[in-house]
Amino acid sequence: MVSFDGKRGLILGIANDRSIAWAIAREIMERGGVCGVSHLPDKPEDEKRKNRMRVSKCCDQFPDKVAFLEPLDVQDDAQVEAFMKMAESKMGKIDFLLHSIAFADREDLSRPTVETGRSGFKLAMDVSVYSLISVTNFARPMFNPGASVLAMTYFGGEKCVPGYNVMGICKAALDATVRYLAFDMGPTDVRVNAVSAGPLKTLAGVAAGVGEMQEFYGHVAPLGRCVTHDEVGRSGAYLLSDYSNGITGEILHVDAGYNIMGSPGRLLEQIKPTKS
Ligand code: NAP
C-alpha cells in the first residue's frame, strides 16, 4: 500500500474542497504524510480573507498533518523564493512538491484561440507554465534524494479540444516543461511527472467548460464514465510517492481511457446511418 509515513512536502493549488490539489493532499495526509500548504493571497480590502478561509476549512480536517498554511502568488518570484525559504525553516527537507495551478482570463477561454490577446496569453503562460519552473527551481535546495514533483495537465494540450483554447497551448507547454525538468532534475534523483486528468468540476474546471465534457466522456471513454476526484487523488499521490520511483518525465492519463480513442466509440452506435 502506498505510504507517506515520515514524508513531508508542499501542496500548491488548493482553492477549496473541490480542488484536485485537495484530493491529492487528502490522500497523502490519510497515508501519514505532512504537508505545507499555500493559498492565493487575499486582497488587503478582503477583511474576511476568503482565499485563506476556504483552504483552512480543508486543512482543519488534518490538524496534525498540516505544517503550515501560507500565502503564495506564483507570478512573483520574490514570493516564491521567500515561500520556499519559509518552508525549509518550518519543514526542513521535502519529499514531494505538487503544482496544481492554472489560470486564464475567462474572456480568453471563451473567444476563438485565433483572437487571444498578447497580455492574456502571457498571463496564462506565466501562471500555468512558467510557475512550474519557478517553484521547482526555488525548491531545489530542499529536495531529498528520491523526491517527486507533480504537475496537473489535460488532454487539450495534446489534441485540439474546442473551448479549451489558450489553456490547451499552456498545457502543451507544461507537458514539455515536465520532460525538460525531469531531465535537469534527474541527476539529483528528483523526478518530475504530470497527471492528465479527465474533466472534474472544480473552479478552474467549470471556467474551462467541463460540464458538457464530463457527459461526453461517459459516452466515449472505454470505462463508459468520467473519472472521480478520488481516482485522480490516488493516482496523484502514487506519482508523489516512493511507489513510482522509476518513473519520471511521464504524463499519466487518469481519464477513464478517453485519450486512447481514435473515434467516438460507442457514441457511433447512436448515430443512425443515412439512407442512400
Ligand atoms: P482549482 O481548484 O480552481 O485550482 C486551481 C488553483 O490555481 C487554485 O487554487 C487557484 O487559486 C490557483 N492559482 C491561480 N492563480 C494562481 C497564482 N497566481 N498563484 C498561486 N495560485 C494560483 O481547479 P483544479 O481543477 O483543481 O485545477 C488544478 C490543476 O488541475 C490546474 O492546473 C488545472 O488546469 C488542472 N486540471 C484540471 C482539470 C479539471 O477538469 N478540473 C482537468 C485536468 C487538469 P484561487 O482559486 O484561489 O485563485
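Figured I'd write up the structure that's included with this text. (Residues numbered from 1 in each chain as written. Predicted model: local features only at pLDDT ≥ 70, side-chain atom pairs only at ≥ 80, totals over all residues. Heavy atoms only, no water.)

### Regarding the site of the ligand
Applied cut-off: The criterion for a residue being near a molecule or strand is simple. One of its heavy atoms has to lie within 4 Å of it. As used in this structure description, the phrase polar contact means that two N or O atoms lie within 3.5 Å; if the pair is within protein, one of them must be able to donate a hydrogen and the other to accept it, and residues adjacent in sequence are counted only when both atoms belong to side chains. Areas reported as accessible are Shrake-Rupley estimates using a 1.4 Å probe. Residue values count occlusion only from the protein chains shown. Strands are runs of DSSP state E lasting at least two residues, helices are runs of H or I lasting at least four, and both sets are numbered from the N terminus onward.
In the neighbourhood of the ligand, 28 residues make up the surrounding shell, with Ser19, Asp73, Lys171, Leu200 and Thr202 lying closest. At 2.8 Å, a backbone N or O of Ile20 approaches an oxygen atom of the ligand. Here a nitrogen atom of the ligand sits 3.0 Å away from a polar atom, N or O, in the main chain of Val74. The protein chains hide 91% of the 880 Å² of surface that the ligand would expose on its own. Top element by residues in the shell around the ligand is helix H7 (residues 203–207). It accounts for three residues.

### Observations regarding the pairing of strand S3 (residues 66–71)
Both faces of the sheet carry side chains from a regular strand, because those side chains alternate between them. Which entries qualify depends on this criterion: Strands are treated as partners if at least two bridges between them are detected by DSSP. Crossovers are marked right-handed if the path from the first strand over the helix to the second runs clockwise, as seen with the strands pointing away from the viewer.
As paired elements, strand S2 (residues 34–39) and S3 share five bridges and run parallel to each other. Residue pairing across strands places His39 opposite Pro71, the latter belonging to S3. Each parallel crossover has a hand, and the one from S2 via helix H2 (residues 50–59) to S3 is right-handed.

### Some remarks on the environment of Met185
Cut-off, in case you're wondering: Burial classes follow relative accessibility: with a 1.4 Å probe on protein chains only, a residue under 20% of its type's maximum area counts as buried, one over 50% as exposed, and anything between as partly exposed. Contacts were defined at the residue level, with two residues in contact if any of their heavy atoms lie within 4.5 Å.
Here Met185 lies in helix H6 (residues 165–185). On the basis of relative accessible area, Met185 is assigned to the buried category, the value being 6%. With residues near it in sequence (within four places) discarded, Met185 still touches Thr136, Arg140, Phe143, Val190 and Val192.

### Regarding the packing of helix H5 (residues 118–139) against H6
Here is the rule we go by: Note on geometry: axes are lines fitted to C-alpha atoms, helical ones only across the stretch in contact, with angles between N-to-C directions running from 0 to 180 degrees. Throughout, the term roughly parallel applies to angles under 35 degrees, roughly antiparallel to angles over 145, roughly perpendicular to angles from 65 to 115, and oblique to all others. A clockwise turn of the near helix away from the far one marks a right-handed crossing, whereas an anticlockwise turn of less than a right angle marks a left-handed crossing. Residue polarity is assigned by list, with Asp, Glu, Lys and Arg as charged and Ala, Val, Leu, Ile, Met, Phe, Trp, Tyr, Cys and Pro as nonpolar; anything else, Gly included, falls into the polar class.
Viewed as axis vectors pointing N to C, H5 and H6 meet at an angle of 15°, and their least axial separation amounts to 10 Å. Compared by their axis directions, H5 and H6 come out roughly parallel. Along this stretch, H5 crosses H6, giving a crossing that reads as right-handed. Here H5 contributes Phe121, Ala124, Met125, Ser128, Val129, Leu132, Ile133 and Thr136 to the contact with H6, which in turn contributes Val166, Met167, Ile169, Cys170, Ala173, Leu174, Thr177, Val178, Leu181 and Met185. Of the residues contributing to the contact of H5 with H6, the split by class is 15 nonpolar, three polar and no charged.

### Notes on the sheet that holds strand S5 (residues 143–153)
Within a sheet, each strand pairs with its neighbour through backbone hydrogen bonds, oriented either parallel or antiparallel. As summarised here, the arrangement of the seven strands in space is S3-S2-S1-S4-S5-S6-S7, forming an open sheet in which the pairing is parallel. Edge strands, defined here as strands with exactly one partner in the open sheet, are S3 and strand S7 (251–254). Neighbour to neighbour, the strand axes of the sheet diverge by 20° on average, direction disregarded. With six bridges joining them, S5 and strand S6 (residues 191–197) adopt parallel strand pairing. Bridging from a neighbouring strand, Ala151 pairs with Ala194 of S6. In this fold helix H1 (residues 20–30) packs onto strand S1 (8–12), S2, S3, strand S4 (94–99), S5 and S6, with an angle of close to 165° to the strand it touches most, S1. Strand contacts of helix H9 (residues 229–240): S4, S5, S6 and S7, with the helix running at about 170° to S6, the strand carrying the most contacts.

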